[in-house]
Amino acid sequence: MTATATKSPAAAAAKARSAGPDRSAGRRRSSTIIVTALLMVVALYFLIPVYWVFVASTKSTSDLFSTNGFWFAPTFSLWENIGRVVSYDDGIFGRWFLNSAIYAGVGALLATYFAAAGGYALAKYEFKGRNLVFGTILGGVLVPGTATALPLFLLFSQLGLANTYWSVLLPSLVSPFGLFLCRIYAQATVDTSLIEAARIDGAGELRIFHTIGLKVLTPALVTVFLFQLVGIWNNYFLPLVMLSDSELYPITLGLNNWLSQVDRLPEFYELTTGGVLLSIIPLSIAMIVLQRFWRGGLTEGAVK
């Protein structure tokens, strides 16, 4: 009995160590249930519209209004609707899709690079007026895009760039929030001694930025890229103000053009719902592929 009692505490301690750290401290079962329930409600809030879009895109116009909106109709018309979407008006939807890919892809990539360069410079270089520059840029985060659309249109009209790809692409290259995030991230992660060592080895400032800065900033860059990609892809008001040629429309403006014709031609309901379903596929893929980098970028430095 004595030997058994002596070994029990040691065995219990060994078992506790093998089970890993205790993460239940400060948690109650009731709070865990409440948090889980709230997260489920939030998840449903975001997923139900996507589910509705998928269900609606499988229906004909008559089924769309005569059946339950959250359940499938007897006739599954998804492939027929998608076929009409991609073939209507000589495949204009494909042109809109390509335009959105150009605006969002090129715009997000260049905006991320410029944000990284600006954030890195503000974080690692000492110069007069640095805080003033950063404060001015930070103020740009508070300015909504709709407030600058009309002045940009007047400016681009004088430059002869209105109703061109440049009128949508150039404003997308500026990301005040991205620069703010990159500056904060560079201050926390880019070691000044590492930069000094590279300078001693003879590396120039651009080479240091591209080989060291960008590599260390990768999680933040992915975060900025994802935010910028989603923002440009879903942008509606700026293309509405800038563009008059339907050949230059992004998906958002093109689908709204179809939706405006449903009173005259009800079959545009099928085109609109099918087009919306196709338009969310690239964003879903981007979120799935980049979300692990996104989480890492937002939580980096939270625990040292």
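Residues numbered from 1 in each chain as written. Predicted model: local features only at pLDDT ≥ 70, side-chain atom pairs only at ≥ 80, totals over all residues. Heavy atoms only, no water.

Asker: Explain the packing of aromatic side chains here, please?
Answerer: To describe a pair of aromatic rings, you give the distance between the ring centres and the angle between the ring planes. On inspection of all chains with the given rule, the structure shows 19 aromatic pairs. A centroid spacing of 5.4 Å and a plane angle of 80 degrees characterise the contact between Tyr88 and Phe268, whose relative ring orientation is edge-to-face. With a gap of 180 residues between them, Tyr88 in the loop between helix H4 (78-87) and helix H5 (92-124) and Phe268 in helix H15 (residues 268-299) connect regions that are remote in the sequence. Where Phe97 meets Trp233, the ring centres are 5.6 Å apart and the plane angle is 80 degrees; that geometry is what we call edge-to-face. Pair noted here: Phe97 is in helix H5 and Trp233 is in helix H12 (residues 218-233), with a separation of 136 residues, a long-range link. Within the aromatic cluster, the residues linked to one another by ring pairs are Tyr88, Phe93, Trp96, Phe97, Trp233, Trp258 and Phe268. A cation over a ring is seen here: Arg183 above Phe134, with NZ or CZ 4.0 Å from the ring centre. (Phe/Tyr/Trp six-rings, centres within 6.5 Å; stacked < 30°, edge-to-face > 60°. Helix = DSSP H or I, 4+ residues; strand = E, 2+ residues; numbered from the N terminus. Lys NZ or Arg CZ within 6 Å of the ring centre and 35° of its normal.)

Asker: Teacher, can you tell me more about the side chain of Lys124 here?
Answerer: The residue Lys124 is located in helix H5 in this model. Asp191 provides the closest opposite charge to the buried, unpaired Lys124, separated from it by 6.4 Å. Reaching out from Lys124, the side chain makes a polar contact with the backbone oxygen of Val190 at a distance of 2.8 Å. (Buried < 20%, exposed > 50% of the residue type's maximum accessible area, 1.4 Å probe, protein only. Lys, Arg positive; Asp, Glu negative; His and termini not counted. Salt bridge = Lys/Arg side-chain N within 4 Å of Asp/Glu carboxyl O. Polar contact = N/O pair within 3.5 Å; in protein donor to acceptor, adjacent residues only side chain to side chain.)

Asker: Where do I start with the packing of H5 against H12 in this structure?
Answerer: A pair of packed helices is captured by two measures, namely the crossing angle of their axes and the spacing between those axes. It is the contact of H5 with H12, at a shortest axis distance of 8 Å, that shows an interaxial angle of 145 degrees. Relative to H12, H5 is oriented so that their crossing is right-handed. Taken together, the residues that form the contact of H5 with H12 break down as 15 nonpolar, five polar and no charged. (Axes fitted to C-alpha atoms, helices over the stretch in contact; angles between N-to-C directions. Left-handed = near helix turned anticlockwise from the far one by under 90°. Nonpolar A, V, L, I, M, F, W, Y, C, P; charged D, E, K, R; others polar.)

Asker: I would appreciate a short explanation of the confidence of the model for the protein in the present structure.
Answerer: When pLDDT drops low, the exact placement of atoms in the prediction is not to be read closely. Summing up the model confidence of the protein, the mean pLDDT is 86 and the portion of residues at 70 or higher is 87%. Averaged over each element, pLDDT in the protein is lowest for helix H1 (residues 2-18) (51) and highest for H5 (95). Below pLDDT 50 for its whole length, residues 1-7 participates in zero contacts with residues either more than four positions away or in separate chains. (pLDDT = per-residue confidence, 0-100. Contact = heavy atoms within 4.5 Å.)

Asker: In this structure, what is going on with the packing of helix H10 (residues 192-200) against helix H11 (residues 205-216)? I would like to understand it.
Answerer: One can describe the packing of H10 onto H11 by two numbers: an axis separation of 10 Å at closest approach and a directional angle of 130 degrees. One element, H10, and the other, H11, form an angle in the oblique class. The handedness of the crossing between H10 and H11 is right-handed. Mapping the contact onto sequence places Leu194, Ile195, Ala198 and Arg199 in H10 and Glu205, Ile208 and Ile212 in H11. For the contact of H10 with H11, the residue count by class is five nonpolar, no polar and two charged. (Parallel < 35°, antiparallel > 145°, perpendicular 65-115°, else oblique.)

Asker: Hey, could you run me through the nonpolar core in this one?
Answerer: Soluble globular proteins tend to bury their nonpolar side chains together. Phe93, Trp96, Leu243 and Trp258 are the most contacted members of the largest nonpolar core, which totals 35 residues. Elements that contribute at least two residues to this core include exactly H4, H5, helix H7 (145-159), H12, helix H13 (237-242), helix H14 (251-259) and H15. For this core, the leading source of residues is H15, giving seven residues. Counting 23 residues, the second-largest nonpolar core is a separate cluster that includes Leu122, Ala123, Cys182 and Leu221. (Core = buried A, V, L, I, M, F, W, Y, C linked by side-chain atoms within 4.5 Å.)

Asker: What's the story with the environment of Gly94 in this structure? I'm lost.
Answerer: Considering the arrangement of structural elements, one finds Gly94 in helix H5. Between the C-alpha atom of Gly94 and that of Ile251, which follows or precedes it by 157 residues, the distance is 9.1 Å.

Asker: Any chance you could explain unusual backbone geometry here in plain terms?
Answerer: Glycine aside, a negative phi is what most residues show, and trans is what most peptide bonds show. Look at Asp89: it is not a glycine, yet its phi comes out positive at around 55 degrees. Along the chain, Asp89 falls in the loop between H4 and H5. On the accessibility criterion, Asp89 (48% relative accessible area) is partly exposed. Unlike most non-glycine residues, Asp90 shows phi in positive territory, near 60 degrees.

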